[in-house]
Amino acid sequence: DVTIKANVPITSTILVKAGEVYDGKGNTIIASGMGDGSQAENQKPIFRLENGATLKNVKIGAPGCDGVHVYGNATLENVEWLDVGEDAMTLKSKGTVTLNNCIAKLAYDKILQINADGTIILNNFRATTFGKVLRTNGSGQYTVTVTINGGTFSGGTNIVRTESKNLKVRYRNITTSNVTKLWEVPNASQVSTY
Ligand code: DGU
Ligand code: CA
Ligand code: CA
Ligand code: CA
């Protein structure tokens, strides 16, 4: 591959419109003036994905700000967060989000923030250093199905933490190391292998 990889500076959110594809071609997005990547709320997202959007082949550099906001269905493929900011991805409205071969590093707290009902499919997700890989918002009783098909999770507190009794996790073929408690859920019956 002779493609030259570059840093792409941005000063405002990149909008990926409904049904469109953003192919980052392996480049690294570097935000400025959009947040410092700390735990402060109300930082700007790096990307805003509308319903049916696809985001692929992109690295999100520091500061990670508020990551990727998803409104509805979306596919993220080969997306790498080099240093997750406040969080890496937020489901903002009901939808199915599929993450294929994505990597998230250095998340002080949350990687995937779920603020709506939905279906989250992780195929070969790799996370290193995190609080929670997936967290539903507060005490919200969101109806969520999480499928984790392959992946490695190392150095964190939980893969899933939820207060929702309406969330189900199915998983297979995962490798974990130094994760304190894989599933922090109201009832162990919400978690199964498949
Ligand atoms: O506990 O801070 O963290 O979308 C409440 C949370 C919530 C959101 C959420 C998010 O209000 O800010 O980042
Ligand atoms: Ca937050
Ligand atoms: Ca970080
Ligand atoms: Ca956030």
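Preceding this section is the structure that the text describes.
Residues numbered from 1 in each chain as written. Chains lettered and ligands numbered in written order. Predicted model: local features only at pLDDT ≥ 70, side-chain atom pairs only at ≥ 80, totals over all residues. Heavy atoms only, no water.

(A) Spotlight on the coordination of the calcium ion (ligand 2). Looking at the metal site, the calcium ion (ligand 2) is ligated by E41 (OE), E41 (OE), E86 (OE) and E86 (OE), spaced 2.3 to 2.9 Å from it. Bound by six donor atoms, the calcium ion (ligand 2) shows angles of 48 to 161 degrees at the metal and therefore irregular coordination geometry. Owing to a relative accessible area of 53%, E41 belongs among the exposed residues under this scheme. (Donors = N, O, S within 2.8 Å, 3.2 Å for Na, K, Ca; no water. Tetrahedral: all angles 85-135°; square planar, octahedral: opposite > 155°, others 65-115°. Buried < 20%, exposed > 50% of the residue type's maximum accessible area, 1.4 Å probe, protein only.)

(B) Inspection of the site of ligand 1 at higher detail. Lining the immediate surroundings of ligand 1 are E41, E86, D87, K110, Q113, N115 and N137. E41 places a side-chain nitrogen or oxygen 2.8 Å from an oxygen atom of ligand 1. Taking D87, its side chain carries an N or O atom lying 3.1 Å from an oxygen atom of ligand 1. When the residues that make up the shell around ligand 1 are grouped by side-chain class, the tally is no nonpolar, three polar and four charged. (Near = heavy atom within 4 Å. Polar contact = N/O pair within 3.5 Å; in protein donor to acceptor, adjacent residues only side chain to side chain. Nonpolar A, V, L, I, M, F, W, Y, C, P; charged D, E, K, R; others polar.)

(C) Inspection of the coordination of the calcium ion (ligand 3) at higher detail. Distances from the calcium ion (ligand 3) to its protein donors, D83 (OD), V84 (O) and L106 (O), fall within 2.2 to 2.4 Å. In the primary structure, the donors to the calcium ion (ligand 3) are separated according to the pattern D-V-x21-L. Highlighted residues: D83 in the loop between strand 8 (74-81) and strand 9 (89-93) and L106 in the loop between strand 11 (103-105) and strand 12 (110-114), separated in sequence by 23 residues. Residue classification places L106 among the partly exposed residues on the basis of a relative accessible area of 46%. (Helix = DSSP H or I, 4+ residues; strand = E, 2+ residues; numbered from the N terminus.)

(D) The side chain of T98, seen in detail. Along the polypeptide, T98 turns up in strand 10 (residues 95-100). Once you skip the residues sitting within four places of it in the chain, T98 turns out to touch A74, T75, L76, I121 and N123. (Contact = heavy atoms within 4.5 Å.)

(E) Focus on the pairing of strand 6 (residues 53-60). Here strand 3 (residues 21-23) pairs with strand 6 via three bridges, running parallel. Among the inter-strand pairings, Y22 is bridged to a residue of strand 6, identified as L55. One ladder, built from two bridges, connects strand 4 (residues 28-31) with strand 6; its direction is parallel. From the neighbouring strand, I29 faces strand 6, where its bridge partner is I60. (Pairing = 2+ DSSP bridges.)

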